[in-house]
Amino acid sequence: MDFRFSPEEEAFRQEFVAWLEKNLPDNWDPSRYRNYDSTEEWARAYCDFQKRLSDAGYVGLQYPKEYGGQGRTLMEEVVVLQTLASTCIELRVPGVVTHGMAVPTIFVCGNEEQKREFLPKILDGTHIWCQGFSEPNAGSDVANVSTRAVKENGHYILNGQKVWTSFAQVADYCILLVRTDPNVAKHKGMSYLLLDMKLPGVEVRPITQITGEKEFNELYMEDVKVPEEMLVGKEGDGWRIAITTLMFERAIGDAMMAAAYEKNLQIMVDMARQCRRAGKPVIEDPIFRQQLAQNYIEVMVLKYHGLRSLSTQIQGGIPGPEGSIGKLLWSEPNQRITESALGMQGPYGQIMGGSPWSVQDGHWQYGFLRSKGNTIEAGSSEIQRNIIGERVLGLPKDMSRAARQ
Ligand SMILES: Cc1cc2nc3c(=O)[nH]c(=O)nc-3n(C[C@H](O)[C@H](O)[C@H](O)COP(=O)(O)OP(=O)(O)OC[C@H]3O[C@@H](n4cnc5c(N)ncnc54)[C@H](O)[C@@H]3O)c2cc1C
């Protein structure tokens, strides 16, 4: 099997690399985990850069022109996304829900008006979207959502609370899971709405994470009036559409994450050459060499798994439950990679960026703390293993859930 790009794809990649060299934001430092001090500044940088990409024709390559896309191929989209991931993944993060979930869900499940109204504004950087699925009593068991939507005179009236809503404080719209019928089985009484975050009654309260950043939020809705045109699919179809969103969330990133991690491993090798232990560079220590090799192997497994999922999607498939394998393959190794890096720094591993004593300006300290959320966000590792056991391998149902349903 040949994993290289075709000559045409390689030529396109080189053209894009040349464009990128001239068009990254001023003062962009690729060696830093975070270039922006606040979520608002970070989101503005994302929107500006997305607009620049859009003006140059490098967004939505696989989507039709009438929806703001370029009408090209999924493979060309992958060329662009992989190059961005290995060059400036940070600039893409505020758009993770926007591009990884909102775009494919609206494209696959939305009606014609929704596609024409929203996809162009998402692709050209006008809109940021967030995802309102999780609630205080509905995380792993997302079918337990209790945010109520009651239909009244052409509107849904919303009351309830979401939590862990990433980038809600800067989002224009939210893909929202609500309960429209509390009197039927849990999975059948849910619906999927597109919520304008500027509507009266929507309140966002940021939550501070272990990194000190305010990336996610609580989202409160009190008597929010959403026009019924904002319903995706039919009333009661929410569970099926939410699963479609989650499959896209878990599947899209593998090949991109592998590209970002390969770049990060280069940064780690540079560090291992500079850090010294017992008078020698750490890279000469057999224990750390072994760890580096293990980290590299895990990144290669992710890369080839990503290529396998990609080939399924190129053949026209919507990603299936095997997306859970990729989710495990990017989230758990990232925790091990950042842990290895801190180990190599020895006592300096405790020093955060900003100190004259910090190594690589705290790049790995930030990464270590942020990676803790990786095995929770987009569904915890335990849930991914349940999905793989039940839906990929066909093993018996997880008894704790079976008993509740
Ligand atoms: C950084 C970050 C960003 C996030 N962004 C968003 C967002 O933008 N939008 C959004 O809607 N949500 C978001 N989330 C929420 C995320 O999807 C949930 O945190 C996740 O689904 C787990 O739900 P929970 O926190 O309620 O934990 P719980 O579901 O209460 O789980 C607690 C623990 O129990 C385990 N567990 C639960 N059920 C089972 C079971 N059946 N078998 C075995 N173990 C089980 C879990 O694995 C976990 O360890 C984000 C989370 C993080 C960390």
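Quick caveat: nothing in here was measured; it's all calculated off a predicted structure.

This part takes up unusual backbone geometry. One non-glycine residue with positive phi stands out, namely asparagine 153, at about 45°. With respect to the helices and strands, asparagine 153 occurs in the loop between β2 (148-152) and β3 (155-163). When its relative accessible area of 75% is taken as the criterion, asparagine 153 is described as exposed. You will see that alanine 278, though not glycine, has its phi angle at about 50°, which is positive. As for its placement among the helices and strands, alanine 278 is situated in the loop between β9 (276-277) and β10 (280-281).

Counting residues in each nonpolar core, the largest one holds 74 residues, and the members touching the most others are Phe49, Trp129, Leu158, Leu195 and Met197. If you tally residues by element for this core, the top one is helix α2 (residues 39-55), at 7 residues. Excluding residues that lie within four positions of it along the chain, methionine 197 makes contacts with Cys130, Ala168, Ala171, Asp172, Tyr173, Cys174, Val202, Val204 and Leu219. Counting 23 residues, the second largest nonpolar core, distinct from the first, contains Met257, Val282, Phe288 and Trp364.

For α2, which comprises 17 residues, the first-to-last C-alpha distance of 24 Å matches the rise-based estimate of 24 Å (1.5 Å per residue) to within 8%. Listing the buried residues of α2 in full gives Thr39, Trp42, Ala43, Ala45, Tyr46, Cys47, Phe49, Gln50, Leu53 and Ser54. Summarising the contacts, the buried residues of α2 are in contact with α1 (7-23), α3 (74-92), α4 (96-109) and α5 (112-123). Looking at the residues trailing α2, positive phi occurs at glycine 57, about 80°.

Under the defined criterion, the tally for this structure stands at 0 disulfides. As a non-bridged cysteine, cysteine 47 has cysteine 130 as the owner of its nearest cysteine sulfur, 13 Å distant. Not engaged in a disulfide, the cysteine cysteine 88 finds its nearest cysteine sulfur in cysteine 47; these two sulfurs lie 14 Å apart.

Our focus in this paragraph is the site of the ligand. Gln131, Ser140, Trp164, Ser380 and Glu382 are the nearest of the 20 residues found near the ligand. Measuring from a nitrogen atom of the ligand, one finds a side-chain N or O atom of serine 134 at 2.8 Å. Between a nitrogen atom of the ligand and a side-chain N or O atom of asparagine 386, the distance comes to 3.2 Å. Compared with its free state, where it exposes 990 Å², the ligand has 71% of that area covered by protein. Among the secondary structure elements, those contributing two or more residues to the shell around the ligand are α11 (381-392) and α12 (399-404). The element best represented in the shell around the ligand is α11, accounting for 3 residues. For the shell around the ligand, the residue count by class is 5 nonpolar, 10 polar and 5 charged. Mapping the shell around the ligand onto the domain boundaries places at least three of its residues in each of domain 2 (131-236) and domain 3 (240-404).

With that settled, consider the domain arrangement of the chain. Domains assigned within the chain are domain 1 (7-127), domain 2 (131-236) and domain 3 (240-404). When each unit is reduced to the centre of its C-alpha atoms, the spacing between domain 1 and domain 2 is 25 Å. Each partner contributes residues to the interface: domain 1 has 18 residues there, and domain 2 has 17 residues. Both faces considered, domain 1 and domain 2 share a buried interface measuring about 1400 Å² in area, 69% of it formed by carbon and sulfur atoms. Considering only the surface of domain 1 that becomes buried against domain 2, Thr39, Gln114 and Phe118 emerge as the three largest contributors, covering 32% of it. In this structure, the connection of domain 1 to domain 2 is made through 0 salt bridges. Residue assignment for the side of domain 1 that touches domain 2 shows that the elements contributing at least two residues are α2, α4 and α5.

Procedures and definitions
Residues numbered from 1 in each chain as written. Predicted model: local features only at pLDDT ≥ 70, side-chain atom pairs only at ≥ 80, totals over all residues. Heavy atoms only, no water. Helix = DSSP H or I, 4+ residues; strand = E, 2+ residues; numbered from the N terminus. Buried < 20%, exposed > 50% of the residue type's maximum accessible area, 1.4 Å probe, protein only. Core = buried A, V, L, I, M, F, W, Y, C linked by side-chain atoms within 4.5 Å. Contact = heavy atoms within 4.5 Å. Expected span 1.5 Å × (residues − 1). Disulfide = S-S within 2.5 Å. Near = heavy atom within 4 Å. Polar contact = N/O pair within 3.5 Å; in protein donor to acceptor, adjacent residues only side chain to side chain. Areas by Shrake-Rupley, 256 points an atom, 1.4 Å probe, with all protein chains shown as cover. Nonpolar A, V, L, I, M, F, W, Y, C, P; charged D, E, K, R; others polar. Domains from an automatic or database assignment. Buried area = accessible area lost by both parts, 1.4 Å probe. Salt bridge = Lys/Arg side-chain N within 4 Å of Asp/Glu carboxyl O.

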